[in-house]
Amino acid sequence: MILQRKDVLGLEEMSAEEILGVLDIANQFRAVFDRPVRSVPVMRGRTVVNFFHEPSTRTRISFELAEKRLSADIINFVSSESSFKKGETLRDTAENLAAMKIDMLVVRHSSAGAAQYLARVLDCSVINAGDGPHEHPTQGLLDIMTMRQRLGDLRGKKVTIIGDISHSRVARSNIWGLTKLGAAVTLCGPPTMMPGGLDKLGCTIEYDLAQAVKDADVLNVLRIQLERHTSRSFPSNREYHKMFGITTDVVRSLKKNAFVMHPGPMNRDVEISSEVADGPRQVILDQVANGVAVRMALIYLLSGGDPGALGGTA
Ligand code: CP
């Protein structure tokens, strides 16, 4: 059994074997995308609720597509049109959905720990689609899948994560997943956006961008999460771009085969220049495509799908 768990809440709790097992299945689902018929009938009769309480483009649509391609029944909960507006609590809302006999709840929420809380009180499986600045495990998995497609085994590979580390759930899930797979993770950003203690997780902290990208195999560029800032952490967008923006000059200084990733949505010409975002060294839309495959794999495995049964299907 690849996933010995009811829920997927973060990469902190997943072993290297689980991560690699999920990615093996994701590769099989990725192959389905190149077929004229992109769906498989493995989740017929199962119901998944997408329970999003924060804006999302990529993650929500990617989960929805993954569920549709697995032939599951889907409900998209719209927080702004729900009884949330009348004061119903998160727990009451989720318990009412669960009482309607759903199989899985995909949760995005602005509070760290929201997915863990719901996983504790509900019998159905819960997948964390991003909880505040805590974790975004499916983003971490799709990032790692994209890196492995180009680099193979990540042991000893240098991955530099740049930007707003303090407020980034993407950074946290990348750090947990990548260090478990043996990658050398360097974190770079302004000191005001660098929390203490990450060196204890095995990361190298570097405040000088030129040093941080030297010899890197991958740059993973983070969005500045302005919606989570309570005070100004940098003087201006222009200043930030000058100090930490990934520009064509930065890309020219990289190793020949190094590439640039970004989880989206991008602040163009702040953390990444438009030339780089649209240029030949970025793999941003490959990340998006891999996201659907990763989510198909997780949903399939969590719902008790047999990896061995995919041979002829996926
Ligand atoms: N990468 C990501 O989580 O994007 P969304 O906020 O659009 O889902």
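Residues numbered from 1 in each chain as written. Predicted model: local features only at pLDDT ≥ 70, side-chain atom pairs only at ≥ 80, totals over all residues. Heavy atoms only, no water.

S.K.: Where do I start with the overall build of the chain in this structure?
M.R.: Within the chain, the regular secondary structure consists of 11 helices and nine strands. Against the globule reference of 20 Å for 314 residues, the chain gives a C-alpha radius of gyration of 19 Å, in line with a compact fold. In the chain, which comprises 314 residues, the share counted as buried stands at 54%. The contacts in the chain between residues at least 6 apart in sequence include a share of 73% that link residues at least 24 apart. With the model as given, the accessible surface of the chain reaches about 13500 Å², and the carbon-plus-sulfur share is 50%. One finds the centroid of the 38 positive side-chain charges in the chain at a distance of 3 Å from the centroid of its 36 negative side-chain charges. (Helix = DSSP H or I, 4+ residues; strand = E, 2+ residues; numbered from the N terminus. Rg over C-alpha atoms; globule rule 2.2 N^0.38 Å. Buried < 20%, exposed > 50% of the residue type's maximum accessible area, 1.4 Å probe, protein only. Contact = heavy atoms within 4.5 Å. Areas by Shrake-Rupley, 256 points an atom, 1.4 Å probe, with all protein chains shown as cover. Lys, Arg positive; Asp, Glu negative; His and termini not counted. Charge placed at Lys NZ, Arg CZ, Asp CG, Glu CD.)

S.K.: Quick question: what am I supposed to make of the packing of aromatic side chains here?
M.R.: The geometry of two aromatic rings is summed up by the distance between their centres and the angle between their planes. Tallied over the entire structure, the rule returns three aromatic pairs. A ring pair is formed by Phe51 and Phe77, whose centres lie 4.7 Å apart and whose planes are at 55°; its orientation type is tilted. Placement of the pair is Phe51 in strand 1 (residues 47-52) and Phe77 in strand 2 (residues 73-78), with a sequence separation of 26 residues. When the ring of Tyr240 is compared with that of Phe244, the centres are 5.8 Å apart and the planes differ by 40°; the resulting orientation is tilted. With Tyr240 and Phe244 both in helix 8 (residues 237-244) and four residues apart, this pair spans about one turn of that helix. Phe244 carries the same exposure label as Tyr240, and that label is buried. For the cation-ring pair, Arg69 lies above Phe33, with the distance from its terminal atom to the ring centre recorded as 4.9 Å. In this structure, Arg150 is placed above the aromatic ring of Phe259, and the distance from its NZ or CZ to the ring centre is 5.6 Å. (Phe/Tyr/Trp six-rings, centres within 6.5 Å; stacked < 30°, edge-to-face > 60°. Lys NZ or Arg CZ within 6 Å of the ring centre and 35° of its normal.)

S.K.: Where do I start with helix 5 (residues 137-151) in this structure?
M.R.: Residues that lie three or four places apart on an α-helix share one face, since the helix turns once every 3.6 residues. With 15 residues, helix 5 should reach 21 Å at 1.5 Å per residue; the first-to-last C-alpha distance of 21 Å fits that figure. Regarding helix 5, the residues found buried are Pro137, Thr138, Gln139, Gly140, Leu141, Leu142, Asp143, Ile144, Met145, Thr146, Met147 and Leu151. Looking one or two residues past helix 5, Gly152 carries a phi angle of roughly 70°, positive in sign. (Expected span 1.5 Å × (residues − 1).)

S.K.: Even after reading the chapter, I still don't get the packing of helix 5 against helix 11 (residues 284-302), so can you show me in this structure?
M.R.: Two numbers describe a pair of packed helices, the interaxial angle and the distance between the axes. Look at helix 5 against helix 11: their axes get within 8 Å of each other, and the N-to-C directions meet at 115°. Where helix 5 crosses over helix 11, the handedness of that crossing is right-handed. Where helix 5 approaches helix 11, its residues Thr138, Gln139, Leu141, Leu142, Asp143, Met145, Thr146, Gln149 and Arg150 are matched on the opposing element by Asp286, Gln287, Asn290, Gly291, Ala293, Val294, Arg295 and Leu298. (Axes fitted to C-alpha atoms, helices over the stretch in contact; angles between N-to-C directions. Left-handed = near helix turned anticlockwise from the far one by under 90°.)

S.K.: Explain the pairing of strand 8 (residues 218-221) here, please?
M.R.: On any regular strand, side chains alternate: one points to one face of the sheet, the next to the other face. Side chains of strand 8 alternate between two faces, with Val218 and Asn220 and Leu219 and Val221 buried alike. In terms of strand pairing, strand 5 (residues 158-162) meets strand 8 through four bridges, oriented parallel. In the strand pairing of strand 8, Val159 is matched with Val218. Note: strand 8 against strand 9 (residues 259-261), three bridges, orientation parallel. (Pairing = 2+ DSSP bridges.)

S.K.: What am I meant to see in the sheet that holds strand 6 (residues 184-188) here?
M.R.: Hydrogen bonds between backbone groups are what pair the strands of a sheet, and the pairing can be parallel or antiparallel. Pairing in this open sheet of five strands is parallel, and the strands run 7-6-5-8-9 from one edge to the other. Looking at which strands have only one partner, the edges of the open sheet turn out to be strand 7 (204-206) and strand 9. This sheet shows a mean twist of 25° between the axes of neighbouring strands, independent of strand direction. Along the sheet, helix 5 makes contact with strand 5, strand 8 and strand 9, crossing strand 9 at roughly 170°.

S.K.: I would appreciate a short explanation of helix 2 (residues 58-69) in the present structure.
M.R.: Given a rise of 1.5 Å per residue, 12 residues ought to cover 16 Å, and the 16 Å separating the end C-alpha atoms of helix 2 matches this to within 8%. Within helix 2, the full set of buried residues consists of Thr59, Ser62, Phe63, Glu64, Ala66, Glu67 and Arg69. Where the residues of helix 2 are buried, they touch strand 1, strand 2, strand 3 (104-109), strand 4 (125-131), helix 5 and helix 11. Phi turns positive, to about 70°, at Ser71, one or two residues after helix 2.

S.K.: Where do I start with the pairing of strand 5 in this structure?
M.R.: Of all the five residues making up strand 5, five are buried; the element is thus mostly covered by neighbouring parts of the structure. Judged from the five bridges that link them, strand 5 and strand 6 form a sheet pairing that is parallel. Across the sheet, residue Ile161 finds its bridge partner in strand 6, namely Leu187. One crossover worth recording links strand 5 to the parallel strand 6 by way of helix 6 (residues 169-180), and it is right-handed. (Right-handed = clockwise from strand over helix to strand, strands pointing away.)

S.K.: In this structure, what is going on with the site of the ligand? I would like to understand it.
M.R.: Every residue lining the ligand is accounted for by Ser56, Thr57, Arg58, Thr59, Arg108, His136, Gln139, Pro263 and Gly264. Between an oxygen atom of the ligand and a side-chain N or O atom of Thr59, the distance comes to 2.6 Å. Between the ligand and the protein, one listed contact pairs an oxygen atom with a side-chain N or O atom of His136 at 2.9 Å. Contact with the protein chains removes 92% of the 250 Å² of surface that the ligand exposes when unbound. (Near = heavy atom within 4 Å. Polar contact = N/O pair within 3.5 Å; in protein donor to acceptor, adjacent residues only side chain to side chain.)

S.K.: Sorry, what's going on with the sheet that holds strand 4 here?
M.R.: Here we have four strands laid out as an open sheet, ordered 2-1-3-4, and parallel in their pairing. This sheet does not close on itself; its edge strands, each paired only once, are strand 2 and strand 4. In this sheet, adjacent strand axes meet at a mean angle of 15° when their direction is disregarded. Along the sheet, helix 11 contacts strand 3 and strand 4; its crossing angle with strand 4, the most-contacted strand, is approximately 150°.

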